[in-house]
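# Observations on the three-dimensional arrangement
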Amino acid sequence: MTTMADEATRRVVSEIPVLKTNAGPRDRELWVQRLKEEYQSLIRYVENNKNADNDWFRLESNKEGTRWFGKCWYIHDLLKYEFDIEFDIPITYPTTAPEIAVPELDGKTAKMYRGGKVCLTDHFKPLWARNVPKFGLAHLMALGLGPWLAVEIPDLIQKGVIQHKEKCSQ
């Protein structure tokens, strides 16, 4: 089973365009170029997900491209669980990966830091470090948040820590 998931992940990631510009928010003109690449990569990833019937997030940024926010969702037992997400681009980006926060899950799982920041240190950060500057925000979503949601959300549902919004309102 793991091999199949790894193979599927490899295929998905191989279809995300890699980035070329090694620039962060302090790099002015180069940052503008990097942001164009980020958007192109994210757009392709979202289009690929929609084509594979696996659409699971929306992201947008402030004008400078330094603060990102949106929604992600996870389908479990045919019910859609939706969460706000947010992150800032670190000054040392792309050397340092952003830390994604899912504020409403803050304190509900051990695999999270204060403020609802998702713990990606063990698996994702070494992979990111090996792929600077090729990895971008689409890779962060595909290899960071996506797998985290796939593990944590079913566990939190099973433990009764989170409930579907419709079930709560009944």
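Quantities reported herein were computed from a predicted structural model and do not represent experimental measurements. Position numbers for residues count from 1 along each chain, tracking the sequence in the order it is written. Local features in this predicted model are restricted to residues whose pLDDT is 70 or higher, and side-chain atom pairs enter the listing and the counts only when it is 80 or higher, whereas totals over whole chains, interfaces and linings include all residues. Hydrogens and waters are ignored; side-chain quantities use all the structure's heavy atoms.

This part is about the sheet that holds strand 2 (residues 67-76). In this analysis, strands are considered paired if DSSP registers two or more bridges between them. Elements are defined by DSSP. Helices are runs of H or I of four residues or more, strands are runs of E of two residues or more, and each kind is numbered from the N terminus. An order of 1-2-3 is seen for the three strands of this open sheet, with the pairing classed as antiparallel. At either margin of the open sheet sits one strand with a lone partner, and together these are strand 1 (57-61) and strand 3 (79-88). On average, each strand axis in the sheet is inclined to that of its neighbour by 15°, with strand direction left out of account. Contacts are residue-level and defined by heavy atoms, with any inter-residue pair within 4.5 Å sufficient. What counts as an axis is a line fitted to C-alpha atoms, over the stretch in contact for a helix, and the angles between N-to-C directions run from 0 to 180 degrees. Contacting strand 1 and strand 2, helix 2 (residues 28-51) runs over the sheet at an angle of about 165° to strand 1. Docked against the sheet, helix 4 (residues 137-158) engages strand 1, strand 2 and strand 3, running at close to 45° with respect to strand 2.

When we look at a pair of aromatic rings, we describe it by the centre distance and by the angle of the planes. Aromatic pairs are defined between Phe, Tyr and Trp rings, using the six-membered ring for Trp, whenever the two ring centres lie within 6.5 Å; interplanar angles under 30 degrees are classed as stacked, those over 60 as edge-to-face, and all others as tilted. Going through the model one piece at a time under the given rule, you end up with eight aromatic pairs. Each ring, one from Trp31 and one from Tyr93, has its centre 6.0 Å from the other, and the planes form 85°; the classification is edge-to-face. Placement of Trp31 in helix 2 and of Tyr93 in the loop between strand 3 and strand 4 (112-113) is noted, with a sequence separation of 62 residues between them. With respect to burial, Trp31 and Tyr93 carry one shared label: buried. Their ring planes at 65° and their centres at 4.8 Å tell us that Trp56 and Phe57 sit as a pair that is edge-to-face. By the ring-pair criterion, three or more aromatic residues cluster together here, those being Trp31, Tyr93, Phe124, Trp128 and Phe135. Directly above the aromatic system of Trp73 lies the positively charged group of Lys80, at a separation of 4.6 Å from the ring centroid. Exposure categories follow from relative accessible area, calculated using a 1.4 Å probe and restricted to protein chains: below 20% of the type maximum is buried, above 50% is exposed, and the middle band is partly exposed. Cation placement over rings: the criterion is NZ of Lys or CZ of Arg within 6 Å of the ring centroid and within 35° of the ring normal.

On to the UniProt feature "active site" (unreviewed entry) in the protein. Under the feature "active site" (unreviewed entry), the UniProt entry names Cys119. Topologically, Cys119 is positioned in the loop between strand 5 (117-118) and helix 3 (124-130). In this structure Cys119 comes out as partly exposed when scored by relative accessible area, which is 24%. Residues contacting Cys119, with those up to four places away along its chain left out, are Lys111, Met112, Tyr113 and Trp148. UniProt positions are given in the numbering used here, feature names are shortened, and annotations may be inferred rather than shown by experiment.

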